[in-house]
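Tertiary structure, described
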Amino acid sequence: MDKWVEACSVDDIEEEDLVRFDHDGRTYAIYRSPENEYFATDGLCTHEQVHLEDGLVMEDVIECPKHNGRFNYKTGQALGAPACVNLKTYPVKVEGSAVYIDVG
Amino acid sequence: MAGVVIVGAGECGVSAAFALRERGYTGSVTLISEEPHLPYERPPLSKASKPTQKLIRSQVEYKRAAIELCLGVRIEALDLSRHILVACDGSSWTYERLLLATGARARLFPGTEGAATLRTFDDACCIFQRLYPGTKLVIIGGGFIGLELAAAARAMDVRVTVIEAAPRLMARAVPAEIAAVVEQRHRAGGVDLRLGTQVTSMMAGGVSTADGSTVQADIVVAGTGAAPNTDLAERAGLALDNGIRVDNRFRTSASDVFAAGDCCSIPHQGGRLRLESWRMAQEQGIHAAASMMGEVDDFSTVPWFWSDQYDLGLQVAGVVASHGITTMRRLSEDAILAFQRDVVGRLICAAGVGPGNRVAKDIRLAEMLIARGTHLSSDQLSDPEVNLKSLLKAA
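In this text the structure is predicted, and so the values were computed from the model without any measurement.

Another point: the overall build of chain B. Helix and strand content of chain B: ten helices and 25 strands. The C-alpha atoms of chain B give 22 Å as radius of gyration, which agrees with the globular expectation for 395 residues (21 Å, within 12%). Based on the C-alpha atoms only, the size of chain B along its principal axes is roughly 60 × 60 × 35 Å. For chain B, with 395 residues in total, the buried portion stands at 54%.

As structure tokens, then:
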């Protein structure tokens, strides 16, 4: 079932960067791509449960700040060891200046 | 079919085995480990109060990749001319290509031979099962393993003394400014830090130091560096040079024999470099696998490592120069970066310390700037308003 929640404002995220969003006991990462589109994934790296919020975004890739696990944040795909399990992604929509993600 | 045999199943050997398959190698792959456990990650061992075995890969992944794991096997002899490895129990393997990924072992200085060391899961179990609130722990050596253990032990209310021969902590690996932050944190955390003196002998219940004092101890752990495991290579007649000597493609002095990870030294800026780092072990293993399959690229990955102590995260990219020009950048009250450039202004090293992963993004960007040999001014490096990503894109 859809469950859209407001995660942040469009200006809260720099271009080619991410912010952390916590909701209902879960943590998410919200991304703004170089093309100015918004994406969302689980907040924790699948390798060692480190939060991705301090990670580096380069083009389509988020890199875990701790052990360099890399994921395509648009698809969630893990891009090689030590990250072997994909990141869960969430639908995103922008309405006005607000970014919503579907946590349903 | 003889295929590839890998001796040593740490981060390097395991990475190499899977990299062979990922690159389409179809011959047999045999991974031999002296330890009885499924290959596990070593970095967590010095960072948590309860040792856990975080497996590098699950058992089923080895099966799926058709990697034959031989656990609890110590290789005694290597016959280079016949391409044969022989184990203690007499079993043997022939190889078409051999990768030595034998790692390193703890080094002990005279007078400290009775100290415990921390390299393996079993070592960690031995140490942590003896730590309780109030236990007196003496750690010899203020390097990464010793300091991580100190932080983990303080979290258990253990009484910790760290004795370091150099006048400051982590002298080999990080700039002084970064070490000073870590030193302050340990002192605030209740560690009795004794710098500039060394342990001369151990006796029942304590240690003696060069400055004439004695320190009580229920347990003594030495974190005084590591020596490469080169015995097998040496007996076989391979060239050594602070580890097994390899070229930029991890080829040893013998044909069809490669070495990678902590056990080898690679060419670096006219000299040789032996690294002891989790990610370098992985990267070298992957590169050695490619090299065994005939790929000809030279290894040029910038060294990178991290340490966690208390709430602090420390990261370093590049190799610290003992006499480099250092430029500092303050990211916030509690997070700083230190950059080093060479004489012509190219970035060669970046180190940072801060809470959690605060410095990670900048160190990763610095690593890419180092890899590109980017020239940077001290103004660019010191100003926190100058975005390293924009410097990288402009480079």
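Here the focus is the packing of aromatic side chains. Aromatic ring pairs are defined here through the distance separating the ring centres and the angle between the ring planes. Overall, the coordinates contain ten aromatic pairs over all chains when judged by the stated rule. Measuring from ring centre to ring centre gives 5.4 Å for Trp278 of chain B and Trp306 of chain B, while their planes differ by 85 degrees; the resulting arrangement is edge-to-face. Of this pair, Trp278 of chain B sits in helix H7 (residues 278-292) while Trp306 of chain B sits in strand E21 (residues 304-309), placing them 28 residues apart in sequence. Owing to a relative accessible area of 9%, Trp306 of chain B belongs among the buried residues under this scheme. Grouped by ring-pair contacts, the aromatic residues Phe21, Tyr28 and Tyr90 of chain A constitute a single cluster.

Attention shifts here to the layout of surface pockets. In this model, the second largest pocket occupies a volume close to 790 Å³. In this structure, the second largest pocket is lined by 35 residues; those nearest its centre are Gly80, Ala81, Pro82, Ala83 and Cys84 of chain A. Taken together, the elements giving at least two residues each to the lining of the second largest pocket come down to helix H1 (11-22), H7 and helix H8 (360-371) of chain B. For the lining of the second largest pocket, the element with the highest residue contribution is H1 of chain B, accounting for six residues. For the lining of the second largest pocket, a count of residues per class yields 14 nonpolar, eight polar and 13 charged.

Moving on, we get to the interface of chain A and chain B. The interface is formed by 19 residues belonging to chain A together with 20 residues belonging to chain B. For the pair chain A and chain B, the summed buried area comes to about 1600 Å², and 48% of that belongs to carbon and sulfur atoms. By the criterion of area lost to chain B, the three top residues of chain A are Asp54, Leu56 and Lys66 of chain A, representing 32% of everything that side buries. Linking chain A with chain B are five salt bridges. Across the pair Glu16 of chain A and Lys389 of chain B runs a salt bridge, and its minimum N-O distance is 3.4 Å. Of the residues in the side of chain A that touches chain B, the class split is eight nonpolar, five polar and six charged.

This part covers unusual backbone geometry. You will see that Glu16 of chain A, though not glycine, has its phi angle at about 60 degrees, which is positive. Positionally, Glu16 of chain A belongs in the loop between strand E1 (4-9) and strand E2 (17-23). Judged by its relative accessible area of 5%, Glu16 of chain A is buried. One non-glycine residue, Phe250 of chain B, lies in positive phi territory at about 70 degrees. Within the fold, Phe250 of chain B resides in the loop between strand E17 (244-245) and strand E18 (257-259).

What counts and how
- Residues numbered from 1 in each chain as written.
- Chains lettered and ligands numbered in written order.
- Predicted model: local features only at pLDDT ≥ 70, side-chain atom pairs only at ≥ 80, totals over all residues.
- Heavy atoms only, no water.
- Helix = DSSP H or I, 4+ residues; strand = E, 2+ residues; numbered from the N terminus.
- Rg over C-alpha atoms; globule rule 2.2 N^0.38 Å.
- Buried < 20%, exposed > 50% of the residue type's maximum accessible area, 1.4 Å probe, protein only.
- Phe/Tyr/Trp six-rings, centres within 6.5 Å; stacked < 30°, edge-to-face > 60°.
- 1 Å grid on protein atoms, 1.4 Å probe; cavity = no way out; pocket = protein on both sides within 12 Å on 5 of 7 lines; lining within 4 Å.
- Points joined across faces, edges and corners; volume = space filled by probe spheres on them.
- Nonpolar A, V, L, I, M, F, W, Y, C, P; charged D, E, K, R; others polar.
- Contact = heavy atoms within 4.5 Å.
- Buried area = accessible area lost by both parts, 1.4 Å probe.
- Salt bridge = Lys/Arg side-chain N within 4 Å of Asp/Glu carboxyl O.

Purely geometric stuff here, so don't read any function into it on its own.
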